[in-house]
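Letter by letter, the chains look like this.
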Amino acid sequence: MEKRVTFKGLWLPLLLVLPQIVITAVFFFYPAGQAIWQSLFIPDPFGLSMKYVGLGNFEYLLGNPYYRASFVTTAVFSILVTVVSMGIALYLAVLADRLIKGSGVYRTLLIWPYAVAPAVAGVLWLFMFNTRVGVVSWYLGLLGYDWNHVLNGEEAMGLVVVASAWGRISYNFLFFLAGLQAIPKSVIEAAAIDGARFWTRFRTIVFPLLSPTTFFLLVVNIVYAFFETFGVIHTITSGGPQQSTTILVYKVYADGFVGQDLGSSAAQSVILLVIVGLLTIVQFKFIERRVHY
Amino acid sequence: MATVKLDSLKKSFGKTEVIHGVDIDIKDGEFIVIVGPSGCGKSTLLRMVAGLETVTSGTVQIDGAVVNDREPMDRDIAMVFQNYALYPHMSVFDNMAYGLKIAGTPKAEIAERVDTAAKLLQLESYLKRRPRELSGGQRQRVAMGRAIVRKPSVFLFDEPLSNLDAKLRVQMRLEIKQLQRRLGVTSLYVTHDQVEAMTLADRMIVMNAGVADQIGAPLEVYANPATEFVAGFIGSPPTNFVNADLAGIGNPDAVKLGVRPEHLNVMPSGSGRLAAKVMYTEALGAETLTHLELADGTMVTARQSATEAGAAEGTEVGLDWQDGDEMLFDRNGKRC
Ligand SMILES: Nc1ncnc2c1ncn2[C@@H]1O[C@H](COP(=O)(O)OP(=O)(O)O)[C@@H](O)[C@H]1O
Ligand SMILES: [Mg+2]
């Protein structure tokens, strides 16, 4: 039986999807088209005229060691953010799942960080790790560790990873908890009777049954780390020191708005566009083929 | 093979006590059915034996050893759940082999034991399938298979047939009985279906609101119910209850009189011990159920063989029974 509502005419459905189309056109297609167009030109030094260079911007970018370094930085950053935020979220979700009473309170508290805007989260962590007045760096100093993310690239990376992962934990936690609670309790009990102790059960039953959730979160978190962490990086390190935290999306901003190299910046945007497209395809392919238990 | 012993077993959830002390001594190889209405604590009792619920007080013994503090995996039991609780991401073979793999059983032996169980349960051609590719009855068999391959000393069943349709339920009931007889494994079987209890049990525990009202062989319980609840719960249609005064019972303690439908004789009006009016009749083929109304409005049912001439609906009749078929209950519902 046909469950969907079907419209006979063409005008009503068009009218109904029009707002969405307009929004997508204004905020996505138009700027995306503009980026693609601009990526084919370089402006003269005074910004008065544009010179067509074909794929020159892309050739230059791919040959540029700074851009390639930014790729590596982005890969390291996204993997760390994804692993840290998903790992901690899964751990907390497993704990909360075992807790019957009071789990509501924990859940609410754990959701809060998600409501904090990335830039605010960045400032928050920056305060704690401030090299002169930060609480954490002061304690680290007592332990004999000289924290200075302004000079040390690895510490800077660590800090932006923690600050970016922190807000994500809530989001991941919610999905993991929902995933865990969707696993019938009797299946876990059956495994316990079959002789599986906690870790064996987790490895052989819980984790495999959670894999659709895990995969979904993996893609969503990578996309987040790629694109939505701009605020965190901008407030904490501004991409430094020595570009050690300049991820691709930050480089678009740094080259385009700070360096005023609009052609290169546009070409970088196009490359990012392609990456998002690929990630989306991966996700849809998976959802199509995903096993429904 | 093992004995099971429950000793004043109690369970509370928070401040609410749901099992008020159950005692039973189960012999090796015995098939015990725990029967009672929904919510009376059957599953809780079974889960305490399994180790899935903690014991509040009293003891559970398996083969002479107190197992209160043992994990489920250390009790040498297997359980079949109402929703089967199969591992959805594993094949039928892996579902059955899971426990053996964890126990470190050699591969060849696992294959042999799973194959034997699959043959016994007619699952040979489904070993590669996932649970969702099976029918309800087949899933049920896989759950049974998973229980038997491990050769446990006790089987626990929690309403294993209640998700099946009526016809399959009758068939599986028979299969479970045969299987248990063949393997001789001590079994505890929970059901809310009194027919299932009657047909499967060596002995049954009739539960009523967290209390074991009666423990005994099915026919013994049927013939001689210890409480009004048991008399009303076991048997279909249920026992008729009549006000003791109306029935002219001499015993001063008796509040109610119980008579089973098959023991009520419908007689011509004016004869017998009670006057009644035939409200409607149900001819079921082999037997006919006659529903009657007494002078005080109580409804009773008489079960007659179809060969007897039934009274027409709307006629006045008399009811009679033999003294030996009378069951008297006091104010607390106990036999007196
Ligand atoms: N985990 C639990 N927490 C609180 N009450 C429970 C829990 N499990 C069962 N109960 C209560 O205990 C009583 C017996 O439940 P149960 O053993 O499942 O009954 P049955 O299996 O006979 O239908 C019910 O009143 C039920 O609400
Ligand atoms: Mg139950």
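Thresholds, definitions, all that
Residues numbered from 1 in each chain as written. Chains lettered and ligands numbered in written order. Predicted model: local features only at pLDDT ≥ 70, side-chain atom pairs only at ≥ 80, totals over all residues. Heavy atoms only, no water. Helix = DSSP H or I, 4+ residues; strand = E, 2+ residues; numbered from the N terminus. Buried < 20%, exposed > 50% of the residue type's maximum accessible area, 1.4 Å probe, protein only. Contact = heavy atoms within 4.5 Å. Areas by Shrake-Rupley, 256 points an atom, 1.4 Å probe, with all protein chains shown as cover. Lys, Arg positive; Asp, Glu negative; His and termini not counted. Charge placed at Lys NZ, Arg CZ, Asp CG, Glu CD. Salt bridge = Lys/Arg side-chain N within 4 Å of Asp/Glu carboxyl O. Buried area = accessible area lost by both parts, 1.4 Å probe. Polar contact = N/O pair within 3.5 Å; in protein donor to acceptor, adjacent residues only side chain to side chain. Nonpolar A, V, L, I, M, F, W, Y, C, P; charged D, E, K, R; others polar. Core = buried A, V, L, I, M, F, W, Y, C linked by side-chain atoms within 4.5 Å. Domains from an automatic or database assignment. Near = heavy atom within 4 Å. Pairing = 2+ DSSP bridges. Axes fitted to C-alpha atoms, helices over the stretch in contact; angles between N-to-C directions. Parallel < 35°, antiparallel > 145°, perpendicular 65-115°, else oblique. Left-handed = near helix turned anticlockwise from the far one by under 90°.

1. Notes on the overall build of chain B
Item 1. When helices and strands are counted, chain B shows 8 helices and 18 strands.
Item 2. Within chain B, the fraction of its 336 residues that count as buried is 49%.
Item 3. Partitioning the contacts of chain B with sequence separation of at least 6, the portion at a separation of at least 24 is 64%.
Item 4. Approximately 14,800 Å² of chain B is accessible, and the part contributed by carbon and sulfur atoms is 49%.
Item 5. If you average the places of the 37 positive and of the 43 negative side-chain charges in chain B, the two averages end up 9 Å apart.

2. As for the pattern of salt bridges
All names here are of chain B.
Item 1. For the structure on display, the rule yields 18 salt bridges over all chains.
Item 2. In this structure, the salt-bridge partner of Arg 273 is Glu 326, at a minimum N-O distance of 3.1 Å. With Arg 273 in the loop between β13 (265-268) and β14 (274-283) and Glu 326 in the loop between β17 (316-320) and β18 (327-329), this pair connects stretches of sequence that are 53 residues apart.
Item 3. Through salt bridges with shared partners, a single network forms among Arg 273, Asp 320, Asp 323 and Glu 326.

3. A closer look at the interface of chain A and chain B
Item 1. The interface of chain A with chain B comprises 20 residues on the first partner and 25 residues on the second.
Item 2. Across the interface of chain A and chain B, roughly 1,900 Å² is buried in total on both sides, 63% from carbon and sulfur atoms.
Item 3. Inspection of the chain A/chain B interface yields 3 salt bridges.
Item 4. Between A:Asp194 and B:Arg150 there is a salt bridge, with the nearest N and O atoms lying 3.0 Å from each other.
Item 5. At the surface where chain A touches chain B, the tally comes to 10 residue pairs in polar contact (both at pLDDT 80 or more).
Item 6. At the level of elements, α8 (185-193) and α9 (198-228) of chain A are the ones that each hand at least two residues to the side of chain A that touches chain B.
Item 7. Element by element, the count of residues in the side of chain A that touches chain B is highest for α8(A), at 7 residues.
Item 8. Grouping the amino acids of the side of chain A that touches chain B by side-chain chemistry returns 11 nonpolar, 5 polar and 4 charged.

4. Examining the nonpolar core
Item 1. Membership of the largest hydrophobic core comes to 60 residues, with the highest contact counts inside it found for B:Leu6, B:Leu45, B:Leu156 and B:Leu188.
Item 2. Broken down by element, this core gets its largest block of residues, 7 residues, from α9(A).
Item 3. B:Leu127, B:Leu134, B:Ala143 and B:Met144 belong to the second largest nonpolar core, which has 45 residues in total.

5. Describing the domain arrangement of chain B
Residue and element names in this part refer to chain B.
Item 1. Here chain B is partitioned into domain 1 (4-232) and domain 2 (237-329).
Item 2. With centres defined by C-alpha atoms, the gap from domain 1 to domain 2 works out at 38 Å.
Item 3. Counting residues at the interface gives 6 residues for domain 1 and 9 residues for domain 2.
Item 4. Both sides of the domain 1 and domain 2 interface together cover about 680 Å² of buried area, and 54% of this is carbon and sulfur.
Item 5. Contact with domain 2 buries surface across domain 1, with Tyr 222, Glu 228 and Ala 231 losing the most and accounting together for 72% of the total.
Item 6. The salt bridge partner of Glu 228 is Lys 256, with a shortest N-O separation of 2.9 Å.
Item 7. Here the side of domain 1 that touches domain 2 gets 3 residues from one element, more than from any other, and that element is helix α8 (residues 228-233).
Item 8. For the side of domain 1 that touches domain 2, the residue count by class is 3 nonpolar, 2 polar and 1 charged.

6. Concerning the side chain of B:Thr105
Residue and element names in this part refer to chain B.
Item 1. Relative to the elements of secondary structure, Thr 105 occurs in the loop between α2 (92-102) and α3 (107-120).
Item 2. Looking at Thr 105, the relative accessible area reads 16%, which means it is buried.
Item 3. A distance of 2.9 Å separates the side chain of Thr 105 from the backbone oxygen of Leu 100, its partner in a polar contact.

7. Overview of the site of ligand 1
All names here are of chain B.
Item 1. Every residue near ligand 1 is listed here: Phe 13, Val 18, Pro 37, Ser 38, Gly 39, Cys 40, Gly 41, Lys 42, Ser 43 and Thr 44.
Item 2. At 3.3 Å from an oxygen atom of ligand 1 is found a main-chain nitrogen or oxygen belonging to Cys 40.
Item 3. Lys 42 places a main-chain nitrogen or oxygen 2.9 Å from an oxygen atom of ligand 1.
Item 4. With the chains in place, 55% of the 560 Å² that ligand 1 exposes on its own is no longer accessible.
Item 5. In terms of residues, the shell around ligand 1 owes the most to one element, helix α1 (residues 42-50), which gives 3 residues.
Item 6. Residues of the shell around ligand 1, tallied by class, amount to 4 nonpolar, 5 polar and 1 charged.

8. Here's the deal with the sheet that holds strand β5 (residues 65-66) of chain B
Residue and element names in this part refer to chain B.
Item 1. Spatially, the 4 strands line up as an open sheet ordered β2-β1-β4-β5, and their pairing is antiparallel. Strand pairing shows two members of the sheet lacking a second neighbour, β2 (16-26) and β5, which therefore form its edges.
Item 2. With respect to the sheet, α1 is in contact with β1 (4-13), β2 and β4 (57-62), its orientation differing from that of β1 by roughly 120°.

9. Quick word on the sheet that holds strand β8 (residues 186-191) of chain B
All names here are of chain B.
Item 1. Strand order across the open sheet formed by 6 strands is β6-β7-β8-β3-β9-β10, with mixed pairing between neighbours. Both outer strands of the open sheet, β6 (77-80) and β10 (211-216), are each paired with one neighbouring strand and no more. Geometrically, the sheet is characterised by an average inter-axis angle of 15° between neighbouring strands, direction not taken into account.
Item 2. α1 rests against β3 (31-35), β6, β7 (154-158), β8 and β9 (203-208) of the sheet, and its axis sits at about 150° to β7.

10. Looking at the pairing of β3(B)
Residue and element names in this part refer to chain B.
Item 1. Counting buried residues along β3, 5 of its 5 residues qualify, which places the element largely inside the surrounding structure.
Item 2. Residues Phe 31, Val 33 and Val 35 of β3 are buried on one face, and the alternating residues Ile 32 and Ile 34, pointing to the opposite face, are buried as well.
Item 3. Relative to β8, β3 runs parallel, the two being bridged by 5 bridges. Across the sheet, residue Val 33 finds its bridge partner in β8, namely Tyr 189.
Item 4. As defined by bridge partners, β3 adjoins β9 across 4 bridges and the pair is classed as parallel. Its bridge partner lying in β9, Ile 32 is registered against Arg 203.

11. Digging into the packing of α2(B) against helix α4 (residues 136-149) of chain B
Helix-helix packing is described using two parameters, namely the angle between the two axes and the distance between the axes.
Residue and element names in this part refer to chain B.
Item 1. At a minimum axis distance of 8 Å, the contact between α2 and α4 shows a crossing angle of 25°. Here α4 runs roughly parallel to α2, going by the angle between their axes. Judged by the sense of rotation from one axis to the other, the crossing of α2 with α4 is right-handed. In this structure, α2 uses Val 92, Asn 95, Met 96 and Leu 100 to contact α4, whose residues at the interface are Val 142, Gly 145, Arg 146 and Val 149.
Item 2. Taken together, the residues of the contact of α2 with α4 sort by class into 5 nonpolar, 2 polar and 1 charged.

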